[in-house]
Amino acid sequence: MHRRNFLKTGSLAGLTISTLVAASCSQPAEEKKIDEAANNKDDLFELSEVTISYLQQKMQAKEYTSRLITELYLKRIDKIDKNGPKLNAVIELNKDALNMADAMDKERAQGKVRGPLHGIPVLIKDNINTADNMHTTAGALALADNFAKQDAFIVHKLREAGAVILGKTNLSEWANFRSTHSTSAWSSRGGQTKCPYILDRNPSGSSAGSGSATAANLCTVAIGTETDGSIVSPSSVNGLVGIKPTVGLWSRSGIIPISKTQDTAGPMTRTVKDAAIVLGILAGIDPQDSYTLASKGKAAVDYTKFLDANGLKDKRLGVEKSALEGNAAVVALLNDALNTLKNKGAIIVEVELNKVLKDISRGEFTVLLYEFKDGVNKYLSTANSKMKTLADVIAFNKQNEAKAMPFFKQETLEIAQSKGDLNSKEYLEALKQTSDGTRKAIDKILTDNKLDAIIGPTNGPSICIDLINGDYDNGFSFSGPAAKAGYPHITVPMGKVHELPVGLSFFSTAYKEADIITLAYAYEQASKKRAEPVFKTDLFA
């Protein structure tokens, strides 16, 4: 959950805070010396920026094995995540990873290759069930005893596809739904994750570990989850491609929930092609998630067939008008992107979606409070943990306040606990206003302007890590419309501001993943804005 998107007034229009974005974050002198000593800008890693296709070619040619690839990533995690810059992106490693890799190598030697993910290491956000030696905790100490009884549906799909589950990634605790004063990328179980581009910056939540790890080449791909911004925001600030699918394209069963109407998992990768590969493999109808029934006949088995470098020709794109003002550096990146889109044949039309949604968006937080209580209670009731209800979690945090809540409290959990069930009038009215209203607004703008997609900066550059004051606004956020509507959204690297990446968003109506993947791929191929992180200690390093 991207907490900043619904606090305050619910308006999607961001504030102009270029001075805050450009400011250096404070850091203790001793810690800074350690980071500087570990920061190696000439760092060479054999698997830097590799893609799924590249690794498959290498394994087919017998130049690599899945075991070697997995070992290289494990060494990389030890060097970059646990030592060196200490990104703290990986919350737990899978003790079975090398055994899984060996099994995939054995199958390959016998002539069996399951598909594009065969032998490919993947990191998974720690709110997604894995029935193995790893915990599933949503970053919360309260759930530190939770070993899932069975895989989440999408984890089962990963295993079927031959992926090597490398480990779990840290996240904003409870997917950033614990406090209105939280710091993204911090959890009581995992601590604070850093942005690999500038280490005193926040990699954004809640899929912070997945974003930081993929950007820093700790894995080939990672899986994140989103309620509002938690895939696309950390993808944007970490220079990645992230896809938030239509709600229902991927199953949510076995994922610690916030919202049944907005939650979804999705791929976080370094290229559009890799994201498209993972998207199709993990899509599927799950009897345990009724929302997936709507995807029947609408999901593609292989989204890579929609990759077209000329896919922008004659496409009509609606650019959010409010994004053309604000942080001058972000606006400059957007204008450069618009020129690239036009040069590739796209037709740009200004639209004012944020203005239309200003009042409609106010009910989102209410919807999430009710759905969080309902969903978490259902999850915990069958979980392999002493925590059986949201009330148990709240009580645990109070009893262990020094460790569980050292920086910010749990007022969001407490407000959710005070709510009634999903038959409550307040909930039903807020749901109709938020979900239905947002869908109608997006669909109307798409139809009236004959648009193929709506575009704009995904958000502003990464903010400073501030555990004392919590998160602040980073200038612009465009995750809300697609999130509230349950519509597909993809972000692609658009460039950098003071070495901090910013993404460009494409979103459309339900089950239009193929269309926005085509657009995003064509832009990616024309712009080539993905850049490796250099682990700067601060803005002035």
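Residues numbered from 1 in each chain as written. Predicted model: local features only at pLDDT ≥ 70, side-chain atom pairs only at ≥ 80, totals over all residues. Heavy atoms only, no water.

- If you look the protein up in an unreviewed UniProt entry, it shows as Amidase from Mucilaginibacter lappiensis.

**Topic: the packing of aromatic side chains**
- Overall, the coordinates contain 11 aromatic pairs when judged by the stated rule.
- Centroid distance Phe 177 to Phe 365: 5.9 Å. Interplanar angle 70°. Geometry classified as edge-to-face. Of this pair, Phe 177 sits in the loop between α7 (173-176) and β4 (186-187) while Phe 365 sits in helix α13 (residues 364-381), placing them 188 residues apart in sequence. Phe 365 carries the same exposure label as Phe 177, and that label is buried.
- Feature note: the residues Trp 174, Phe 177, Phe 365 and Phe 372 constitute an aromatic cluster, connected by ring pairs.
- Here Arg 252 stacks its cationic end above the ring of Tyr 291, 4.7 Å away from the centre of that ring. (Phe/Tyr/Trp six-rings, centres within 6.5 Å; stacked < 30°, edge-to-face > 60°. Helix = DSSP H or I, 4+ residues; strand = E, 2+ residues; numbered from the N terminus. Buried < 20%, exposed > 50% of the residue type's maximum accessible area, 1.4 Å probe, protein only. Lys NZ or Arg CZ within 6 Å of the ring centre and 35° of its normal.)

**Concerning the pairing of strand β6 (residues 221-226)**
- Counting buried positions along β6 yields 6 of 6 residues, so the element is predominantly enclosed.
- Neither face of β6 is left uncovered, since the one carrying Val 221, Ile 223 and Thr 225 and the one carrying Ala 222, Gly 224 and Glu 226 both have all their residues buried.
- As paired elements, strand β2 (residues 121-125) and β6 share 3 bridges and run parallel to each other. Residue Ile 124 lies in a different strand from β6, and its bridge partner there is Ile 223. (Pairing = 2+ DSSP bridges.)

**Observations regarding the nonpolar core**
- The biggest cluster of nonpolar side chains holds 106 residues, and the ones touching the most others in it are Ile 223, Trp 250, Leu 341, Ile 454, Ile 490 and Phe 506.
- No other element matches the 8 residues that helix α19 (residues 513-527) contributes to this core.
- Residues contacting Ile 454, with those up to four places away along its chain left out, are Gly 318, Val 351, Leu 353, Ile 442, Ile 445, Leu 446, Phe 478, Ser 505, Phe 506 and Phe 507.
- Counting residues in each nonpolar core, the second largest holds 23 residues, with Ala 138, Ala 142, Phe 372 and Leu 390 among its members. (Core = buried A, V, L, I, M, F, W, Y, C linked by side-chain atoms within 4.5 Å. Contact = heavy atoms within 4.5 Å.)

**Looking at the environment of Ala 332**
- Relative to the helices and strands, Ala 332 is located in helix α11 (residues 328-343).
- Taking the C-alpha atoms as reference, Ala 332 lies 9.7 Å from Val 497; in sequence the two are 165 residues apart.

**Things to note about the side chain of Arg 530**
- Of note, Arg 530 is situated in the segment after α19.
- Classification of Arg 530 by relative accessible area gives buried; the value is 19%.
- At 3.0 Å, the side chain of Arg 530 forms a polar contact with the backbone oxygen of Ala 215.
- Only 3.4 Å separates the side chain of Arg 530 from the backbone oxygen of Asn 238, close enough to count as a polar contact.
- Each residue touching Arg 530, except ones within four places of it in the same chain, is listed here: Glu 49, Tyr 197, Thr 214, Ala 215, Asn 217, Asn 238, Gly 239, Leu 240, Arg 270 and Pro 493. (Polar contact = N/O pair within 3.5 Å; in protein donor to acceptor, adjacent residues only side chain to side chain.)

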